[in-house]
Amino acid sequence: MRHNRSLAISLSVLTAVCAGQSADLRAGQASSVSNPARAGEQAFRALYKELVEINTTLSIGSCTEAANAMKAHLVKAGYPENDLHLIVPPNQPRFGNLIALLPGTDASLKPLMLLAHLDVVEAKREDWVRDPFRLVEEGGYFYARGAADDKSMASIFTDSMIRFKQDGYKPRRGIKLALTCGEETPDTFNGVRYLLDHHRELMDAVLALNEGGGGRLDAKTGAYQYNGIQAGEKTYQDFTLETVNPGGHSARPTPDNAIYQMAQALAKVQAFEFPVEFNDVTRRYFATYGEIIGGAQGADMKAVAASGDAAAVSRLKKDPTINGMLHTTCITTIINGGHAPNALPQHVTANVNCRIFPGHPAEEIRQTLISTIGDTGVKVSFQAEPDKNGPPPPLTRDIMGPIEQLTSEMFPGVPVVPAQASGGTDGRFLTPAGVPTYGVSGGFSDGATTNAHGLNERVRVQSLMESREFLYRLARMYAGGN
């Protein structure tokens, strides 16, 4: 694609500039981040707490309040109003987005974008051990809704913009902060999509750093296994399944019950599996991570990367995370039906959520669901207009070099491993629009207990602080200057 070539050309001027001293981190040991790296940590903690405790759920929260709060920090740091853009869609006062720019010294270069979303998934207080909208530090972890997804990155990027000003940093390439709303609820509103449609100039960038990537810890030993970079992701698509029936009195049952008809359709969806497939990113991930972990699972990962070994695939599918990487998946998430306890059901709907492997249009998946169900009485439709699908962004040396260099400095001996996300991020809008988007954080977790979207969401305090330094320095490396 044309933007891939322009990316390589425009990044060829990249200067590897890092601020502060390197951290010394051995696998399984605590980080000894240098004093300069920890400068301003208390202010960062306060900003992080403030942002986390602003409710930004769809139901009652406000991204606009959060965007205004972060804007106030940037104004205090010295950013002029003409470099700050608070974009609130007409008639949607709670869905505010913030774009901030630190201009570069070379106006011919497109800026680097630091992208994070302000909104969070719903959370019920009665289900949580702690108040989900109060940041709690306990046992080496921060707990709260959004503590990880994605207010950790939104706080780090805002803090980085403040640090750039405080340091008197003059980037060669401008640095653009984009704090957006609606990543978690794109069928209601999505800030990135809205900004691309209505304020395209504000979203112009050579590339974007985003959520979705991160380091992996060994869950048993705490050893640092790899630092991940997300390059590409599956396409998110909800399908609505619908059955209708004349209904009637429950004392006069008929064989064509709408609920039973839907149940049979969903059972067929449950039993169906999309074929396993690979692309360059996923094949490289399985081969590399298999070498890292070793053992039986490592051998299976290397085997599927090399030949797609069917027995190894069968064993790996038992791991939900790995299963999601191997193929398109579709799962029923919501069902509604019936209108009275003493009446035959007249109308039943179900939501089937699909995560589509790159390269397959949503209509192809819809047709597969229709043929799998095999019942013309079950209507299958798009819950919302399908997203534009595109290839993964390129993993050139200009992209990988700075990440590998910084990983070597901060986490000696830890490899960088590209991966494809099974979930979805705002990269699915930006990359097809010509802004290659990469998930990278430099924050490490065990991959199982962060509980993003779930109960008692948390992030390791040490990992958050390491991510803060990693992303600050990585942005400077991509932007160049001094």
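Going by the structure above, here's the rest.
Basis of the calculations
- Residues numbered from 1 in each chain as written.
- Predicted model: local features only at pLDDT ≥ 70, side-chain atom pairs only at ≥ 80, totals over all residues.
- Heavy atoms only, no water.
- Helix = DSSP H or I, 4+ residues; strand = E, 2+ residues; numbered from the N terminus.
- Contact = heavy atoms within 4.5 Å.
- Disulfide = S-S within 2.5 Å.
- Buried < 20%, exposed > 50% of the residue type's maximum accessible area, 1.4 Å probe, protein only.
- Salt bridge = Lys/Arg side-chain N within 4 Å of Asp/Glu carboxyl O.

**Student:** Which parts of the structure should I look at to understand the side chain of Thr-407?
**Tutor:** Locating Thr-407 in the fold gives a position in helix α12 (residues 397-410). For Thr-407, the contacting residues outside a window of four places in its chain are Asn-227, Pro-412, Val-414, Val-416 and Phe-470.

**Student:** Explain the state of the cysteines to me, please; I cannot follow it from the model alone.
**Tutor:** Cysteine pairs can be covalently joined through their sulfur atoms, and such a bond is termed a disulfide. Summed over the entire model, instances satisfying the criterion amount to two disulfides. Covalently, Cys-63 is tied to Cys-181 through a disulfide, its sulfur atoms 2.3 Å apart. Taking the torsion about the S-S bond as the criterion, the Cys-63 to Cys-181 disulfide, at about 70°, is right-handed. With Cys-63 in helix α3 (residues 63-77) and Cys-181 in the loop between β6 (175-180) and α5 (191-198), this pair connects stretches of sequence that are 118 residues apart. A disulfide bridge connects Cys-330 with Cys-354, and the sulfur atoms are separated by 2.0 Å. A torsion of 115° about the S-S bond marks the disulfide between Cys-330 and Cys-354 as right-handed. With Cys-330 in strand β12 (residues 329-337) and Cys-354 in strand β14 (residues 347-356), this pair connects stretches of sequence that are 24 residues apart. For Cys-330, a relative accessible area of 15% puts it in the buried group. Given a relative accessible area of 0%, Cys-354 falls into the buried group.

**Student:** Explain the pattern of salt bridges to me, please; I cannot follow it from the model alone.
**Tutor:** In a structure, side chains of opposite charge can pair up when their charged atoms sit close to one another. Under the definition given, this model contains 20 salt bridges. Residue Glu-273 pairs with Lys-317 through a salt bridge whose shortest N-O separation is 2.6 Å. Highlighted residues: Glu-273 in the loop between α6 (258-271) and α7 (280-293) and Lys-317 in the loop between α9 (310-316) and α10 (320-326), separated in sequence by 44 residues. The shortest N-O distance in the salt bridge between Arg-397 and Glu-404 comes to 2.8 Å. In this structure Arg-397 comes out as exposed when scored by relative accessible area, which is 55%. Its relative accessible area of 26% is what places Glu-404 among the partly exposed residues.

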